[in-house]
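# A structural walkthrough
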Amino acid sequence: MPPPSDIVKVAVEWPEANAQLLEIDQKRPLASVIKEVCDGWSLPNPEFYTLRYADGPQLYITEQTRCDIKNGTILQLAVSPSRAARQLVDRIQSHSMEARLEAMKELAKLSADVTFATEFINMEGITVLTHLVESGTKLLSHYSEMLAFTLTAFLELMDHGIVLWDMVSITFIKQIAGYVSQSTVDVSILQRSLAILESMVLNSHSFVPKRWLKKITQDPPLNPLDLPCTEMANAFAQKHLRSIILTHIIRGNRPIKTEMAHQLYVLQVLTFNLLEERMMTKMDPNDQAQRDVIFELRRIAFDAEAESSSISGGGTEKRKAMYTKDYKMLGFTNHINPALDFSHTPPGMLALDNMLYLAKYHQDAYVRIVLENSSREDKHECPFGRSAIELTKMLCEILQVGELPNEGRNDYHPMFFTHDRAFEELFAICIQLLNKTWKEMRATAEDFHKVMQVVREQITRALPSKPSSLDQFKSRLRSLSYSEILRLRQSERMSQDDFQSPPILELREKIQPEILELIRQQRLNRLCEGSSFRKVGNRRRQERFWYCRLALNHKTLHYGDLEDNTQGEVTLESLQEKIPVADIKAVVTGKDCPHMKEKGALKQNKEALELAFSILYDPDETLNFIAPNKYEYCIWIDGLNVLLGKDMASDLTKSDLDTLLSMEMKLRLLDLENVHIPEVPPPVPKEPSSYDFVYHYG
């Protein structure tokens, strides 16, 4: 007869004593169970003790968490959280550095438990830790290992969200920042210091450095959220970090691995995102400083100083007429007040910045473009102002300025690390390309949008080759002339037409079920191999992972916790929890997931929503996932849909189906190359008048 569901069989350990085998009644008070255990070893004062797990994070067991105890679990009898917290508060302030080091090691381990953390924080433990760091004594500084454990404990305690980051003092932050700036600091200290600074920026609402505060209180006030980006950009330029990254990483001797490529991609995205403020800022027609930029564009193009002096006696009306004529030659839509051309966002003021950069640093090209177009017939001139504004908007769309980095991408472009003003240089190259393409197309004003489409295609075809420098990118664009774009379009259209004839479509429909079955088997095989997932919760540091995989008979999902993010395969025997596939009712994704509906769940960030899915199974239970990347997300969604008898609808399935179908079609049609395939099958011949030609054997 199976034991009652409220009874769990466990083993309880105590140092230098034989383990006790116990049957715990979950309806019985935990204090009564602890008293029974203490009596078994004749330990007085049972109120000084508690139970905790012997394996894994060794979390304390409370009345709220005791329901998680499973049969066969090994527990430890330990000092109660309040008593352990009091002892550690005293020990970390010991005069003996060896005793303090041991205490810090134990504190860093116990701080992961929310029960202990609550008791330790209530005893002003965090204040003690911050004082130890703020003091910056030579004694503590020499013990880098101790400092690493101190910062680890601080991070663990703060990550529980029991106290706000606003309580952290300026002195503490300066001390942490000092560790980051040291050239010989230990790696573990550097990692934890950066983690603390990151959490401070993300979670503190009251901390604003004084140098930013002065800027915020000026008239007009600046947005404080934008100031750190400006500081970052200045530091990035001043410290020559770009050239260091280019020389030692991108052009270094070592191959760039996936993680490094992702970090370079993130840096590229964040660098371009610094342009978002200007991109979303409209021009103020009444701002004289902004209007002076337009005057400067006119002066550089037409050397207007001499002209203005020659017409100075001609009156205001004559001067306005001259300005209007020049602004028309510059290609602005609004000839009288060009400031109105920059009233749309995007690209806003970013377009004007690009035009001024071109005029100052590529003056010959700027003057040539303007004068060349002003000398053409009106219908054939390429309006520089309008083109520059539309091109800036296009580049922002292609480079996704303002978008957050994607966790699964690593497609950085080396050429953007070769110049401090990469975006402006890219604009300078592309505006000359636009002018060249306009001439090749013999375009008129009505063809403006067609020219912009061709230029977009030229840029997007050149970028995937990832040129190592801006000069190589320019050479690649030069080879993608308008005639070459037409040839590529024609070639692609013919290739596509070959696969649109009725016989080919019929063959495709016949092959498609075989390919889909192949994809289904691949998805199920991947689920049988399993994947590790980050545990859902508010903790950001010392992340916990769990593993899930499908049984080989496709009838059960097995899952369980991992001590770390294991890269290899995890055996089914080590995964204690399981869900019968027959009990699964549905799979939901994104905002429909229970863990995404919770208030503040993972801060509802876009990336987490895109990677979240949940299994709903009987009786009214859920298993929540956050995939490590988009690929794993698609694999699991497809695999679970196959198990439920549903269609696979992920982007990965569509991509795999197109790729495999195309390959299979080309293989089957290999012998028919250059052979015309009729659109209708040949007619079946009539039956013969007699079958006398058939030979009868013996």
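The following paragraphs examine the structure supplied in this document.

About the cut-offs
- Residues numbered from 1 in each chain as written.
- Predicted model: local features only at pLDDT ≥ 70, side-chain atom pairs only at ≥ 80, totals over all residues.
- Heavy atoms only, no water.
- 1 Å grid on protein atoms, 1.4 Å probe; cavity = no way out; pocket = protein on both sides within 12 Å on 5 of 7 lines; lining within 4 Å.
- Points joined across faces, edges and corners; volume = space filled by probe spheres on them.
- Helix = DSSP H or I, 4+ residues; strand = E, 2+ residues; numbered from the N terminus.
- Nonpolar A, V, L, I, M, F, W, Y, C, P; charged D, E, K, R; others polar.
- Expected span 1.5 Å × (residues − 1).
- Buried < 20%, exposed > 50% of the residue type's maximum accessible area, 1.4 Å probe, protein only.
- Pairing = 2+ DSSP bridges.
- Axes fitted to C-alpha atoms, helices over the stretch in contact; angles between N-to-C directions.
- Salt bridge = Lys/Arg side-chain N within 4 Å of Asp/Glu carboxyl O.
- Bend = angle between axes of the 7 residues up to and from the residue.
- Contact = heavy atoms within 4.5 Å.
- Polar contact = N/O pair within 3.5 Å; in protein donor to acceptor, adjacent residues only side chain to side chain.
- Core = buried A, V, L, I, M, F, W, Y, C linked by side-chain atoms within 4.5 Å.
- Parallel < 35°, antiparallel > 145°, perpendicular 65-115°, else oblique.
- Left-handed = near helix turned anticlockwise from the far one by under 90°.

### So, empty space enclosed by the protein
Scanning the entire structure with this criterion turns up one cavity of 30 Å³ or more. Along the walls of the largest cavity sit Ile369, Asn373, Cys382, Phe384, Ser387, Ile431, Leu434 and Asn435, which together make up its complete lining. Sorting the residues of the lining of the largest cavity by element identifies α19 (363–374), α20 (384–398) and α21 (422–441) as the ones contributing at least two each. No other element matches the three residues that α21 contributes to the lining of the largest cavity. Considered class by class, the residues forming the lining of the largest cavity number five nonpolar, three polar and no charged.

### Concerning unusual backbone geometry
Cis peptide bonds are those with omega within 30 degrees of zero, and the linkage from Thr345 to Pro346 qualifies with -20 degrees. As for its position among the elements, Pro346 is in the loop between α17 (316–329) and α18 (349–361). Of the consecutive residues Pro346 and Pro347, the connecting peptide bond is found in the cis state with omega at 10 degrees. You will see that Glu16, though not glycine, has its phi angle at about 60 degrees, which is positive. For Lys466, which is not glycine, the phi dihedral falls at a positive 50 degrees.

### Observations concerning α21
A rise of 1.5 Å per residue sets the reference length of α21, with its 20 residues, at 28 Å; its end C-alpha atoms lie 28 Å apart and thus fit the reference within 8%. For α21, the buried fraction is high: 16 of the 20 residues fall into the buried class.

### Focus on the sheet that holds strand β7 (residues 556–562)
Read from one edge to the other, the open sheet built from four strands follows the order β5-β6-β7-β8, with strand pairing classed as antiparallel. Looking at strand neighbours, the two that pair on one side only are β5 (531–534) and β8 (577–580), the edges of this open sheet. On average, each strand axis in the sheet is tilted by 25 degrees relative to the strand beside it, whichever way the strands run. Sheet topology places β5 next to strand β6 (residues 545–550); four bridges connect them, and they run antiparallel. If you follow Arg534 over to β6, its bridge partner there is Phe545.

### Topic: the pattern of salt bridges
One pass over the structure, following the stated rule, counts 31 salt bridges. The salt bridge partner of Asp656 is Arg523, with a shortest N-O separation of 3.1 Å. Of this pair, Asp656 sits in helix α29 (residues 651–668) while Arg523 sits in helix α25 (residues 502–529), and the two are 133 residues apart along the sequence. Looking at Arg523, the relative accessible area reads 1%, which means it is buried.

### A word on α25
Between the first and last C-alpha of α25 there are 41 Å, a value that for 28 residues agrees with the 40 Å anticipated at 1.5 Å per step. If you look at α25, its biggest bend is around 35 degrees, right at Ile511, and the proline Pro513 turns up within four residues after that. Burial in α25 covers these residues: Ile504, Ile511, Ile515, Ile519, Arg523, Leu524, Arg526, Leu527 and Cys528. Directly after α25, the chain includes Gly530, whose backbone phi takes a positive value near 90 degrees.

### Some details on the sheet that holds strand β10 (residues 612–617)
Taking strand neighbours across the sheet as the criterion, the three strands line up as β9-β10-β11 in an open arrangement whose pairing is antiparallel. Whereas interior strands pair on both sides, the edge strands pair on one side only; in this sheet they are β9 (584–589) and β11 (621–626). Each neighbouring strand pair of the sheet contributes to a mean axis angle of 20 degrees, computed without reference to strand direction. Pairing analysis gives six bridges linking β10 to β11, with the strands arranged antiparallel. For Ser614, the partnering residue across the bridge sits in β11 and is Asn624. Lying on the sheet, helix α28 (residues 630–643) is in contact with β9, β10 and β11; it crosses β10 at an angle near 25 degrees.

### Things to note about the environment of Tyr366
Counting through the fold element by element, Tyr366 comes out in helix α19. Given the relative accessible area of 0%, Tyr366 is considered buried. Each C-alpha atom of the pair Tyr366 and Leu297 lies 9.4 Å from the other, and the pair is 69 residues apart in sequence. For Tyr366, the contacting residues outside a window of four places in its chain are Leu297, Arg298, Ile300, Ala301, Leu330, Leu358, Ala359 and Phe384. At 2.7 Å, the side chain of Tyr366 and the backbone oxygen of Leu297 are in polar contact.

### Examining the nonpolar core
Of all hydrophobic cores here, the largest spans 66 residues; its most connected members are Phe342, Tyr366, Phe384, Leu391, Ile459 and Phe473. When residues of this core are traced back to their parent elements, those giving at least two are α15 (288–302), α18, α19, α20, α21, α22 (448–462), α23 (470–479) and α24 (482–498). It is α21 that provides the largest number of residues to this core, a total of 12 residues. Those residues in contact with Phe473, other than ones at most four positions away along the chain, are Met415, Leu426, Ile429, Cys430, Ile459, Ala462, Leu463 and Pro467. By size, the runner-up hydrophobic cluster in this structure holds 44 residues, among which are Leu101, Ala103, Ile121 and Tyr179.

### Digging into the packing of α25 against α29
Following both chains from N to C, one finds α25 and α29 inclined at 130 degrees, their axes separated by 9 Å at the closest point. With respect to α29, the axis of α25 lies oblique. Crossing angle aside, the handedness with which α25 passes α29 is right-handed. Only Leu652, Thr653, Asp656, Leu657, Asp658, Leu660, Leu661, Glu664, Met665 and Arg668 of α29 make contact with α25, whose side of the interface consists of Ile504, Leu507, Arg508, Ile511, Gln512, Glu514, Ile515, Leu516, Leu518, Ile519 and Arg523. Looking at side-chain class alone, the contact of α25 with α29 contains 12 nonpolar, two polar and seven charged residues.

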